[in-house]
Amino acid sequence: MATMITEECINCGACEPECPNTAIYAGGVNWEMNGASNPALSNEFYYIVPEKCTECVGHFDQEQCAAVCPVDCCVPDPNHVETEEELYARAKALHPGKEFAELSAATSHFQK
Amino acid sequence: MKTVDIAAFFRGVAEFNAGKYFECHDTLEEIWMGISGEERRFLQGLIQVSVGFYHIGNGNPSGALSQWGKGREKLAGFGDEFGGVKLAPLLEAVKRWSAVAVGQLSGARAPVEKIESPKLDFIHNSHRREPWQQ
């Protein structure tokens, strides 16, 4: 499933630069995808765009936003439950020019 | 282990005691990002307690309760003190303020003005005055 940011977010911004898919935006900021601008999903605190989140599958062995969040407010989104295969396919679609290694314990928390 | 910025830690404590909970979280987070082990868990517990007070001050009792719960869970494992820092009074303050947050969520009016602001105190003359001795 995608990762979400809860209302405990303190808006420190530590997570935003860590996302390999630029799926994290500050509250009130429109999110971008395929050249289109979309309304912010939250005006109060940072948010993660589900369509751009791969839970870091394909990149890292754990969600990087959660790893750097000191208040543990980056958590699994129960409204966006996805398989490892779906997330991996999304990672490839988001980065068409990038070569992705086969999934392993180093590139997917599903494999740990 | 990377050398801990003790001056930054004391600055974070001062910010907490001044009610600057966001600044405290920011200062301690800088340290937290670069360390590991029990010190990292201890700092994260303090950060979450501080963020809880930030949330209650911003009218977010739900967020406050969640952060305090996480912070208490982490700090409970350290006993009454860690590295010269008294934890029992802090955790007692969190417990009192948690009742305030619960009251706010239920719509009850809590006597906020009678509850002291939390403080981080050090144990005087502790042989471990510095939080992290090598």
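Everything in this summary refers to the structure shown in the same document. Nothing here was measured: the structure is a model prediction, and the numbers come from that model.

**Describing the overall build of chain A**
Helices and strands together make up the secondary structure of chain A, namely 2 helices and 6 strands. Counting helices and strands in the order they occur from the N terminus, chain A gives β-β-β-β-β-α-β-α. Computed over C-alpha atoms, the radius of gyration of chain A comes to 13 Å, within 12% of the 13 Å expected from 2.2 N^0.38 for 112 residues, which places it in the range of a compact globule. Overall, chain A is about 40 × 30 × 25 Å in size when its C-alpha atoms are taken along their principal axes. Residues classed as buried in chain A amount to 46% of the 112 residues present. Excluding contacts between residues fewer than 6 apart, the proportion of contacts in chain A whose partners are at least 24 apart in sequence is 67%. As displayed, chain A offers around 5,500 Å² of accessible surface, 51% of which is attributable to carbon and sulfur atoms. Here chain A contributes 5 positively and 18 negatively charged side chains, and the mean placements of these two sets differ by 8 Å.

**Looking at the overall build of chain B**
What chain B contains, in helices and strands, is 5 helices and 2 strands. For chain B, the succession of helices and strands along the chain, N to C, is α-α-α-α-β-β-α. When each of the 134 residues of chain B is scored for burial, the buried share is 47%. Taking as baseline every contact in chain B between residues at least 6 positions apart, the subset at least 24 positions apart corresponds to 62%. When the accessible surface of chain B is totalled, it reaches about 6,800 Å², and 49% of it is carbon and sulfur.

**Focus: unusual backbone geometry**
All names here are of chain A. A positive phi angle is found at Asn34, which is not glycine, with a value near 55 degrees. Among the structural elements, Asn34 can be located in the loop between β3 (31–33) and β4 (36–38). A residue is classified by how much of its surface remains accessible, and Asn34, at 76% relative accessible area, is exposed.

**As for helix α4 (residues 61–76) of chain B**
Counted at 1.5 Å a residue, the expected span for α4 of chain B with its 16 residues is 22 Å, and the 21 Å between its end C-alpha atoms agrees. Looking at the buried side of α4 of chain B, the elements it contacts are α3 (38–57) and α5 (88–106) of chain B.

**A look at the environment of Gly59 of chain B**
Residue and element names in this part refer to chain B. Here Gly59 lies in the loop between α3 and α4. Note on Gly59: relative accessible area 60%, which makes it exposed. Note: C-alpha distance between Gly59 and Ile35 (24 residues apart in sequence) is 32 Å.

**Section: the environment of Gly27 of chain A**
Residue and element names in this part refer to chain A. Note on placement: Gly27 falls in the loop between β2 (24–25) and β3. On the basis of relative accessible area, Gly27 is assigned to the partly exposed category, the value being 26%. Spatially, the C-alpha atoms of Gly27 and Ser42 are 5.1 Å apart, while their sequence positions differ by 15 residues. When residues no more than four places from it in sequence are discounted, the contact partners of Gly27 are Ser42, Asn43, Phe45, Tyr46 and Tyr47.

**Some thoughts on the pattern of salt bridges**
Enumeration over the complete set of coordinates arrives at 4 salt bridges over all chains. In this structure, Asp72 of chain A and Lys74 of chain B form a salt bridge, with 3.4 Å as the shortest nitrogen-oxygen distance. Here Asp72 of chain A is found in the loop between α1 (64–68) and β6 (74–76), whereas its partner Lys74 of chain B is found in helix α4 on a different chain. The buried category is assigned to Lys74 of chain B, whose relative accessible area is 10%. The salt bridge partner of Arg90 of chain A is Glu82 of chain A, with a shortest N-O separation of 2.3 Å. In terms of burial, Arg90 of chain A and Glu82 of chain A fall into one category: buried.

Rules and cut-offs
- Residues numbered from 1 in each chain as written.
- Chains lettered and ligands numbered in written order.
- Predicted model: local features only at pLDDT ≥ 70, side-chain atom pairs only at ≥ 80, totals over all residues.
- Heavy atoms only, no water.
- Helix = DSSP H or I, 4+ residues; strand = E, 2+ residues; numbered from the N terminus.
- Rg over C-alpha atoms; globule rule 2.2 N^0.38 Å.
- Buried < 20%, exposed > 50% of the residue type's maximum accessible area, 1.4 Å probe, protein only.
- Contact = heavy atoms within 4.5 Å.
- Areas by Shrake-Rupley, 256 points an atom, 1.4 Å probe, with all protein chains shown as cover.
- Lys, Arg positive; Asp, Glu negative; His and termini not counted.
- Charge placed at Lys NZ, Arg CZ, Asp CG, Glu CD.
- Expected span 1.5 Å × (residues − 1).
- Salt bridge = Lys/Arg side-chain N within 4 Å of Asp/Glu carboxyl O.

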